[in-house]
Amino acid sequence: MLVIGIESSCDETGVALVQNVGSAVPRLLSHALHSQIEMHQAYGGVVPELASRDHIRRVLPLARQVLQDSGRSLAEVDVVAYTRGPGLAGALLVGAGAACALGAALGKPVLGVHHLEGHLLSPFLSTDPPEFPFVALLVSGGHTQLMRVDGVGQYELLGETIDDAAGEAFDKSAKLLGLGYPGGPQLARLAEFGDPAAFELPRPLLHSGNLDFSFAGLKTAVWTQVRKLGSNVCEQDRAHLAASTQAAIVEVLLKKSLKALKQTGLKRLVVAGGVGANRSLRSQLDEACRRRGVRVHYPELALCTDNGAMIALAGAMRLQAGRAQARCDYAFDVKPRWDLASV
Ligand code: KG4
Ligand code: ZN
């Protein structure tokens, strides 16, 4: 079975083609991506209307490209999967509209996919795929969650952020440090030249006793330090503050993940979402998990941030597990807010 997947929830247009063969993990045949980062950079963040318009321009050329790269034709596609939510409403509508139009034209069913389920399952496309059950740390621009995952569609929320997401903490702190958008990778780069212990920053909810997160206070603490440093702050101090900010975020993510592993008794951790690309987070998780006999799985670096492959994969795995039915009514809707545990 061939599944084409379309991602358009935020600032990346992604299309991919995967093939389901029996009960094996679906195989990625090809994927194509267009990032809008350059377009939004001038505004310091994502402009929703511009994002939607750009998705419209990109989605069909990218679909053509994945078909061409895989040597498959549109007529061979069996199911059209698309990101139904969560995300920007207008951006989601572009992908949903394109998917349903494609499905209707081909007479093939369509399937709306949860964006975070895509992230969560994306490590199955890596060279070191996980096995169920596992603890998942989902860290993206809009979400920070710890989940217990027993199988496709079997997700139990263990804890989540009560305010800002980890990616948001990276992005907002980066902005305070005068870095561009998206802030996470830029802050991480600057942090390489700084001392993570140079500034004392809070580790919110670190000892809360539960698995929830809070990052809004950290952003305020960074703001206070930026103000103290003043307008002619030197490059070294900016690097120290970037390193200290990253250290605070990473420590909280690390400790809570270890707590979730201990609480569930599971020996497998999956890290997914854009912040999962962070090198400091990866190395600290690797080291701590190695000492505890826990296996850690990540998506390939290229599939950490938003992409079409994870949407095609999640659609294919859901169909394979009998946990979703593709529809032929083409009456699409989108869910800008959508709880993964409810899927
Ligand atoms: O999963 P994603 O691509 O989009 C959402 O679904 O939100 O995640 C984007 C987030 C942004 O906040 C970005 O700054 C962050 O992931 N990010 C990083 C890194 N690469 C991306 N944060 C820290 N270090 C990185 N290397
Ligand atoms: Zn995402």
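Residues numbered from 1 in each chain as written. Chains lettered and ligands numbered in written order. Predicted model: local features only at pLDDT ≥ 70, side-chain atom pairs only at ≥ 80, totals over all residues. Heavy atoms only, no water.

Caption draft 1: Broad picture of the pairing of strand 4 (residues 79–85). Among the seven residues in strand 4, six count as buried, and that is most of the element. Strand direction decides the pairing type here: strand 1 (residues 2–7) and strand 4, joined by four bridges, are parallel. Looking at strand 4, one finds that Val3 is bridged to Val79. Note that strand 4 and strand 5 (residues 110–114) share five bridges and pair parallel. Across the sheet, the residue bridging to Val80 is Val110, located in strand 5. Since strand 4 and strand 5 lie parallel, the crossover through helix 3 (residues 89–106) that links them has a hand, and here it is right-handed. (Buried < 20%, exposed > 50% of the residue type's maximum accessible area, 1.4 Å probe, protein only. Helix = DSSP H or I, 4+ residues; strand = E, 2+ residues; numbered from the N terminus. Pairing = 2+ DSSP bridges. Right-handed = clockwise from strand over helix to strand, strands pointing away.)

Caption draft 2: Looking closely at the coordination of the zinc ion (ligand 2). The protein atoms donating to the zinc ion (ligand 2) are His115 (NE2), His119 (NE2) and Asp306 (OD), with metal-donor distances spanning 2.0 to 2.1 Å. Counting residues between consecutive donors of the zinc ion (ligand 2) along the chain gives the motif H-x3-H-x186-D. Of this pair, His119 sits in helix 4 (residues 115–121) while Asp306 sits in the loop between strand 10 (295–297) and helix 10 (308–320); the two residues are 187 residues apart in sequence, bridging distant segments of the chain. By relative accessible area, His119 is classed as buried at 1%. Judged by relative accessible area, which is 12%, Asp306 ranks as buried. (Donors = N, O, S within 2.8 Å, 3.2 Å for Na, K, Ca; no water.)

Caption draft 3: Quick look at the site of ligand 1. Looking at ligand 1, there are 17 residues lining it, with His119, Gly141, Asp171, Gly274 and Asn278 nearest. Interatomic distance of 3.2 Å between a backbone N/O atom of Gly167 and an oxygen atom of ligand 1. Measuring from an oxygen atom of ligand 1, one finds a backbone N or O atom of Gly274 at 3.0 Å. Residue composition of the shell around ligand 1, grouped by class: four nonpolar, 11 polar and two charged. Looking at which domains feed residues into the shell around ligand 1, each of domain 1 (2–121 + 303–342) and domain 2 (131–298) supplies at least three. (Near = heavy atom within 4 Å. Polar contact = N/O pair within 3.5 Å; in protein donor to acceptor, adjacent residues only side chain to side chain. Nonpolar A, V, L, I, M, F, W, Y, C, P; charged D, E, K, R; others polar. Domains from an automatic or database assignment.)

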